[in-house]
Amino acid sequence: MSRVIAIDGPSGAGKSSVSRIVGKKLGFLHVDSGALYRIMTWQALVRKVDTDNPDEVAAFAPTVEIECRPENGAIAYYVGGEPPGDRIRTPEINAHASQVATVKAVRDKITALLRDMTRFGNLVVEGRDITTAVFPDSPARFYLTASAEARARRRQKEEVEKGIANQSAAAVKASLLARDAIDSTRKYAPLRKADGAIEIDSSDLTLEQVVDIVVEKVNEAFN
Ligand code: DC
């Protein structure tokens with residue numbers, strides 16, 4: 001049976017960086033579940049689906065084919081044989097992704113894809129509903145959080161460094177809080193701290209400190 005480390009938290013809490021490094025250290029494949037919601041959003045926009053219309057999004061969801069395969073310590077995604085790359089990281093995708101993620105048919109599809117990935121081996125999976133809905137029985141579950149200011153600062157730096165956008169810190173914070181609000185109040189699998197999940201506030205911690213805490217707790221959980 002493969003082992004799963006589950007990490008949830010709001011945007012910009014540091015889930016991706018922490019999951020990537022923890023995965024490398026422990027030899028677990030890194031799974032970015034948010035990227036799957038972003039791929040669905042990207043494809044919806046490409047196909048001119050009205051992302052504010054849940055029925056339209058639900059009808060479109062089964063038509064998207066996403067290939068998942070292990071590559072360089074992570075699960076890589078392909079659509080039509082191509083990796084989506086930074087096309088799924090734009091402010092436009094940010095603005096529509098939370099809405100697409102409210103639709104049950106989208107969540108069911110992605111939950112099934114994530115559960116199926118256990119056939120590839122041990123996983124560290126990050127997202128919003130991994131500890132509560134996708135892998136609620138994992139003994140290693142974490143809720144990673146940070147202040148809105150710290151999260152917006154990190155996201156803005158990332159966008160500028162990657163050349164994706166050049167928004168003000170205030171604009172990044174507003175978009176992040178808008179997404180948090182939709183993600184935590186939606187009907188299906190809202191973002192919340194699972195009972196029994198270990199909460200880590202990373203506002204005043206370095207990435208290395210967070211990684212050390214997670215690795216220590218994972219070793220306790222699986223031993
Ligand atoms: O983590 P992210 O910013 O890449 O996530 C993109 C969107 O997908 C965000 O609005 C939350 C949603 N999401 C979700 O609903 N459930 C997950 N497990 C992961 C992401």
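Please refer to the structure placed before this passage.
Each chain carries its own residue numbering, running from 1 in the direction its sequence is written. Local features in a predicted model are, by the rule used here, given only for residues with pLDDT of at least 70; side-chain atom pairs are given and counted only at 80 or more, and totals for whole chains, interfaces and linings are based on all residues. Computation of side-chain values: all heavy atoms of the structure, hydrogens and water removed.

This part takes up the overall build of the chain. Comment: elements are numbered from the N terminus, with helices defined as DSSP H or I runs of at least four residues and strands as E runs of at least two. Helix and strand content of the chain: nine helices and seven strands. Relative accessibility under 20% of the residue-type maximum defines a buried residue, over 50% an exposed one, and the middle range a partly exposed one, all with a 1.4 Å probe and only protein chains included. Across the 223 residues that make up the chain, the buried fraction comes to 47%. Contacts between residues were defined by any pair of non-hydrogen atoms, one from each residue, lying within 4.5 Å. Sequence-distant contacts in the chain: of pairs separated by 6 or more residues, those separated by 24 or more amount to 76%. Placing the 31 positive and 31 negative side-chain charges of the chain at their respective mean positions leaves the two points 1 Å apart. Neither His nor the chain ends is counted toward charge; the positive residues are Lys and Arg and the negative residues Asp and Glu. Here the site of a charge means NZ on Lys, CZ on Arg, CG on Asp, or CD on Glu.

Neighbouring the ligand are 16 residues; Arg38, Arg107, Arg128, Asp129 and Arg186 lie closest to it. Take Arg38: an N or O atom from its side chain is 2.6 Å from an oxygen atom of the ligand. Contacts to the ligand include Asp183, whose side-chain N or O atom sits 3.2 Å from an oxygen atom. Taken by itself the ligand offers 450 Å² of open surface, and the protein chains cover 98% of this. Elements with a contribution of two residues or more to the shell around the ligand: helix H2 (33-46), helix H4 (91-100) and helix H8 (169-185). In terms of residues, the shell around the ligand owes the most to one element, H2, which gives four residues. Considered class by class, the residues forming the shell around the ligand number four nonpolar, four polar and eight charged. Any residue with a heavy atom lying within 4 Å of a molecule or strand is counted as near it. Any pair of nitrogen or oxygen atoms within 3.5 Å is treated as a polar contact; in protein, a donor-acceptor pairing is required on top of that, and neighbouring residues in sequence qualify only through side-chain atoms on both sides. All accessibility values rest on the Shrake-Rupley procedure with a 1.4 Å probe; residue burial counts only the protein chains present in the view. As a working rule, the residues Ala, Val, Leu, Ile, Met, Phe, Trp, Tyr, Cys and Pro are called nonpolar, Asp, Glu, Lys and Arg charged, and the rest polar, with Gly in that last group.

For the rest of this paragraph, the subject is the packing of aromatic side chains. Centre distance within 6.5 Å is the pairing criterion for rings of Phe, Tyr and Trp, where only the six-membered ring of Trp is used; planes under 30 degrees apart are then read as stacked, over 60 as edge-to-face, and the remainder as tilted. This structure, assessed with the given rule, holds one aromatic pair. Between Phe28 and Phe222, the ring centres sit 6.3 Å apart and the planes meet at 40 degrees, which makes this aromatic pair tilted. Placement of the pair is Phe28 in the loop between helix H1 (15-26) and strand S2 (29-32) and Phe222 in helix H9 (residues 207-222), with a sequence separation of 194 residues. Each member of the pair, Phe28 as well as Phe222, carries the same accessibility label: buried.

This paragraph deals with the nonpolar core. Soluble globular proteins tend to bury their nonpolar side chains together. Residue types Ala, Val, Leu, Ile, Met, Phe, Trp, Tyr and Cys, when buried and joined through side-chain atoms within 4.5 Å, form a set referred to as a nonpolar core. Core analysis: the largest hydrophobic core is formed by 36 residues, its most contacted members being Met40, Ile66, Tyr77, Val106, Leu114 and Met117. Among the elements that make up this core, the one with the highest residue count is H2 (seven residues). Contact partners of Val106, with chain neighbours within four places excluded, come to Tyr37, Met40, Val57, Ala61 and Val100. By size, the runner-up hydrophobic cluster in this structure holds 17 residues, among which are Val22, Phe142, Leu144 and Val215.

With that settled, consider H4. All of the buried residues in H4 are Ile93, Asn94, Ala97, Ser98 and Val100. Projected down its long axis, H4 carries its buried residues within an arc of 155 degrees, all on one side. An arc is given here, and it is the one of the directions from the helix axis to the C-beta atoms.

Right, let's get into the pattern of salt bridges. Salt bridge, as applied in this entry: a Lys or Arg side-chain nitrogen positioned within 4 Å of an Asp or Glu carboxyl oxygen. Going through the model one piece at a time under the given rule, you end up with 13 salt bridges. Between Arg87 and Glu82 there is a salt bridge, and its shortest N-O distance comes to 3.4 Å. Note on Arg87: relative accessible area 39%, which makes it partly exposed. Linking Asp180 and Arg151 is a salt bridge whose minimum nitrogen-to-oxygen distance equals 2.8 Å. Within this pair, whereas Asp180 is found in helix H8, its partner Arg151 is found in helix H7 (residues 148-161), the two being separated by 29 residues in sequence. The class for Arg151 is buried, based on a relative accessible area of 5%. Salt bridges sharing partners connect three or more residues here, namely Glu67, Arg69 and Glu71.

Turning our eyes to something else, we now look at the pairing of strand S3 (residues 67-71). Pairing analysis gives five bridges linking S3 to strand S4 (residues 74-78), with the strands arranged antiparallel. Bridging across to S4, Arg69 finds its partner in Ala76. In this antiparallel pair of consecutive strands, S3 and S4, the connection spans two residues, and Asn72 shows a positive phi of 50 degrees. A pair of strands is treated as paired once DSSP finds two or more bridges between them.

Time to look at the packing of H2 against helix H5 (residues 104-116). Angular values range over 0 to 180 degrees, each being the angle between N-to-C directions of two axes fitted as lines to C-alpha atoms, with helices fitted over their stretch in contact. Following both chains from N to C, one finds H2 and H5 inclined at 140 degrees, their axes separated by 11 Å at the closest point. Classified by the angle their axes make, H2 and H5 are oblique. Where H2 crosses over H5, the two elements pack in a sense that is right-handed. Mapping the contact onto sequence places Ser33, Leu36, Tyr37 and Met40 in H2 and Val106, Arg107, Lys109, Ile110, Leu113 and Leu114 in H5. Its residues placed into classes, the contact of H2 with H5 shows seven nonpolar, one polar and two charged. An angle below 35 degrees is treated as roughly parallel, one above 145 as roughly antiparallel, one from 65 to 115 as roughly perpendicular, and anything else as oblique. Note on convention: near helix rotated counterclockwise from far helix by under a right angle means a left-handed crossing. Clockwise means right-handed.

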